[in-house]
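Spelled out, the chains give:
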Amino acid sequence: MTSRTELTAEMLFAAMRLLAGAPAAEAASGARFRELHERLFETIPDLEPRWREIAGDSWKDDSYTDLQFASIGLVKAGWVHKARRRWFVTGLGRHAVDALPDKGSFYAELSRVYRYWEEYRNHFQDAAAMVEALPEGRWASVAEVASEARVDKTALIGFLLGGRPDGWHRLLSDEGAPPREAHLTEQEREEWLELLSDDGVLAFDGRADGLRRTPAREIVVIPPVVDPTARRAWLVRASNVSRGDLITGVWLPDRVCSLPASRLRALPSGAPVEQVRDAVREDYSGTGAQERERLTGEYHAFLSRMRENDVVVTNEGSAVYLGVITGEPSFVDSTDHRADLQRPVEWRNGERPLDYDELPADFAALVSNPDADLIELTTLLPDLEKLLGDPGPVIDVEVRLPDVPEELAERLLVGRDWLQECVELLRERPQLIFYGPPGTGKTYLARHLARHLASGRPENVQLVQFHPAYSYEDFFEGYRPRKTEDGTVALDLVRGPFRRLVSAALAHPGRPYVLIIDEINRGNLAKIFGELYFLLEYRDQPINLLYAPEDDKGFTLPENVFIIGTMNTADRSIALVDAAMRRRFWFMQLHPDAPPTDGMLARWLQNEGLPDEPARLLAELNSRIDDRDFRIGPSYLMRNGVDDGVTLARIWRTQIIPLLEEHHYGDGIDVEARYGLEALRSRLR
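Reading the values: rules and limits
Residues numbered from 1 in each chain as written. Predicted model: local features only at pLDDT ≥ 70, side-chain atom pairs only at ≥ 80, totals over all residues. Heavy atoms only, no water. Helix = DSSP H or I, 4+ residues; strand = E, 2+ residues; numbered from the N terminus. Rg over C-alpha atoms; globule rule 2.2 N^0.38 Å. Buried < 20%, exposed > 50% of the residue type's maximum accessible area, 1.4 Å probe, protein only. Contact = heavy atoms within 4.5 Å. Areas by Shrake-Rupley, 256 points an atom, 1.4 Å probe, with all protein chains shown as cover. Lys, Arg positive; Asp, Glu negative; His and termini not counted. Charge placed at Lys NZ, Arg CZ, Asp CG, Glu CD. Patch = residues over 30% accessible without salt bridge, like charges linked within 9 Å, V, L, I, M, F, W, Y side chains within 5 Å. Salt bridge = Lys/Arg side-chain N within 4 Å of Asp/Glu carboxyl O. Pairing = 2+ DSSP bridges. Axes fitted to C-alpha atoms, helices over the stretch in contact; angles between N-to-C directions. Phe/Tyr/Trp six-rings, centres within 6.5 Å; stacked < 30°, edge-to-face > 60°. Lys NZ or Arg CZ within 6 Å of the ring centre and 35° of its normal. Domains from an automatic or database assignment.

Looking at this model, I keep getting lost on the overall build of the chain. Mind explaining?
The helix and strand tally for the chain stands at 30 helices and 20 strands. Relative to a compact globule of 685 residues, whose C-alpha radius of gyration would be 26 Å, the chain shows 33 Å and is clearly more extended. Here the C-alpha coordinates of the chain stretch approximately 110 × 65 × 50 Å along the principal axes. Split into buried and exposed, the 685 residues of the chain put 49% on the buried side. Within the chain, counting contacts between residues at least 6 apart in sequence, those at least 24 apart form 68% of the total. Put simply, the chain shows about 33,000 Å² of open surface, and 48% of that area lies on carbon and sulfur atoms. Measuring between centres, the 83 positive side-chain charges of the chain sit 2 Å from its 112 negative side-chain charges.

Explain a negative patch on the surface here, please?
A cluster of acidic side chains, namely E186, E190, E191, E194 and D198, defines a negative patch on the protein surface. Locating D198 in the fold gives a position in helix α12 (residues 186-199).

When you look at the pattern of salt bridges in this model, what are you seeing that I'm missing?
Oppositely charged side chains are able to pair whenever their charged atoms sit close together. Per the stated rule, a full pass over the model turns up 35 salt bridges. The salt bridge partner of D66 is R4, with a shortest N-O separation of 2.5 Å. Of this pair, D66 sits in helix α5 (residues 59-70) while R4 sits in helix α1 (residues 4-21), placing them 62 residues apart in sequence. Residue R4 is classed as partly exposed on the basis of its relative accessible area of 33%. For R112, the salt bridge is made with E109, and the minimal N-O distance between the two is 2.7 Å. One end of the pair, R112, and the other, E109, are both in helix α8 (residues 103-119), three residues apart, so they sit about a helical turn from each other. Each of E10, D46, R50 and K103 takes part in a single network of salt bridges with overlapping partners.

Before we go on, may I ask you to explain the sheet that holds strand β2 (residues 80-83) in this structure?
As a general point, the strands of a sheet are linked pairwise by backbone hydrogen bonds and lie either parallel or antiparallel. Across the sheet, which stays open at both edges, the three strands sit in the order β1-β3-β2 with antiparallel pairing between neighbours. Of all strands in the sheet, those with a lone pairing partner are β1 (31-32) and β2, marking the two edges. The pairing of β2 with strand β3 (residues 86-89) spans four bridges and is antiparallel. Residue A83 lies in a different strand from β3, and its bridge partner there is R86. Strand contacts of α1: β1, β2 and β3, with the helix running at about 75° to β3, the strand carrying the most contacts.

How should I be thinking about the packing of aromatic side chains in this particular structure?
A ring pair, where both rings are aromatic, is described by two values, the distance of the centres and the angle of the planes. Overall, the coordinates contain 27 aromatic pairs when judged by the stated rule. Where F466 meets F529, the ring centres are 6.2 Å apart and the plane angle is 70°; that geometry is what we call edge-to-face. Residue F466 is located in the loop between β15 (461-465) and α21 (472-475), and its partner F529 is located in helix α23 (residues 525-529); the two are separated by 63 residues in the primary sequence. When the ring centre of W586 is taken as origin, the NZ or CZ atom of R429, which lies over that ring, is 4.3 Å away.

Explain the domain arrangement of the chain here, please?
Interfaces are often described in size by the accessible area the parts lose on coming together. Per the domain assignment, the segments making up the chain are domain 1 (1-221), domain 2 (233-388), domain 3 (406-589) and domain 4 (600-684). One C-alpha centre belongs to domain 2, the other to domain 3; they are set 50 Å apart.

Sorry, what's going on with the sheet that holds strand β18 (residues 513-518) here?
Taken in spatial order, the five strands of this open sheet run β15-β18-β19-β14-β20, and their pairing is parallel. Single-partner strands in this sheet number two, and they are β15 and β20 (586-589). Taking each pair of neighbouring strands and ignoring which way they run, the sheet shows an average axis angle of 20°. The pairing of strand β14 (residues 431-436) with strand β19 (residues 561-568) spans six bridges and is parallel. If you follow I433 over to β19, its bridge partner there is G565. Strands in contact with helix α20 (residues 442-453) are β14, β15, β18 and β19; relative to β19, the strand with the most contacts, it is inclined by about 170°.

The following block contains the structure:
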């Protein structure tokens, strides 16, 4: 008689051949599992009697469920991708069918890949976390990530193709292309490149831009903050009952779920794990140590970790039931001791159970241990809540801006209190502008402060520079022409730097993302910001975007996006900034005669061990400039060689004097006589 494992292996092999041999249009739309299951029995004539011989009247449900569980390996190998309740064969899967022409070699290789995934499951999870930590607009080497996670590169590629965690397409070959080991079809390659194009990482040659590559060692994975009171999801099994149907006979009519616990003494709700372990050790003394440890974990979870409002899942064959826990656990004297430890449950679909194929793709992998009666499924909670039609409470992830360390303030030559005040202001209102005359270090400070706020992640900081021709389409999103394959021109909606930054911030709500807008007052702010202007003050209120589709539900600006602008007051006075903008931004002055800029050049010269003449010359120069907005900042002179007479004279002649000539244009003042280097030196002698 054929064994159950042999039958399942035969079905997997036949299923893959059916998927790989389907016409292109059919393959592109995928196959529903139930239809695929039925086609297997049509394709293999003696399959039904062989299953009947093993499973009796339940042959159909048993073969259906066994094939579903066995398909975990297809997904982990990357041979099949499941989405929208359909199975899609991948190019890697087609390659496997060609390279493994008989069911024996096919199943042996599939088993090898699955065992490898199971052995290194935690390492694959680490790799997936690294993938999800990669922000939009960046990519990494799949070989480097595999090395960091300590898994085989080819196995990781299959894992990504099958499971497709967020950002899976951002792991590429070292050359910036989809890895050859993926054996992509032409359609898959086009879809992959389209995803990269949407991320804005493709260069002109069709490969990812090397400047946007993030070394794997620099990918920072922030572990999620676990809230012990947050909602969880659980699978509770009832399939190991010796007589009767526990689900339809007890659970659904009595509105409960249960564990047998036939020998377990009555323990209180919330019992600590030590108390449960002691009770199991005594009450189940005749069982092995490993079994007692399993029972301890399950009973403790049922008594203490499961909570009211948690989601419960169970199945009877391919029929799946979902419910919500409504109360505390209790011990009862049930018939045949089949359900002694119970929790009340509101079953939501008792009359209309779901089909097994309607569950999330990772469900089968999580519940693959047949010996466990209770398994946590919290990672699938969002998907299960959608099936329930009952979204749980949204738990906000608080974004925290780090305080300023003394070392940073010393390195930037500003007082820590002043820099810390900038952080405090951004915590209260996340928009800040540094304003002042040229050369006061506005952009320099903005870049270093932004890098500090983003905890050193360069991909979390973007810089744009406004100018009179800059528009909403450049800044946020707009249509751009694209030449199609047939030579015609199409218009694509292309995201600008701010839209890309917002997308990354939404994907990582606990991380600060900072946009630096250099020369913010040189652009037409109403034209550039458009409707986004409203969101700078009311971030949680959705607005309709200019190029949004008709069914768009509105756009909001996430709380973890911060904006730091710089404004040159010599170019346009701060007084010309409209009241709406002044209300939405903090303004911090950087001026040569006020903290933190005054004395900055002298401190820099002292730290560098240089003479103080440049600082004295700058002070004398600014004392002769009547217009405060045109006084010169210290950064012009904070450069190597400033103590060299030739270098200092060149800076004065080519940078400082031209600024002052422009300022005094047409007013008859002899700029050289008033501000020239020799004139100032004669005054200081």
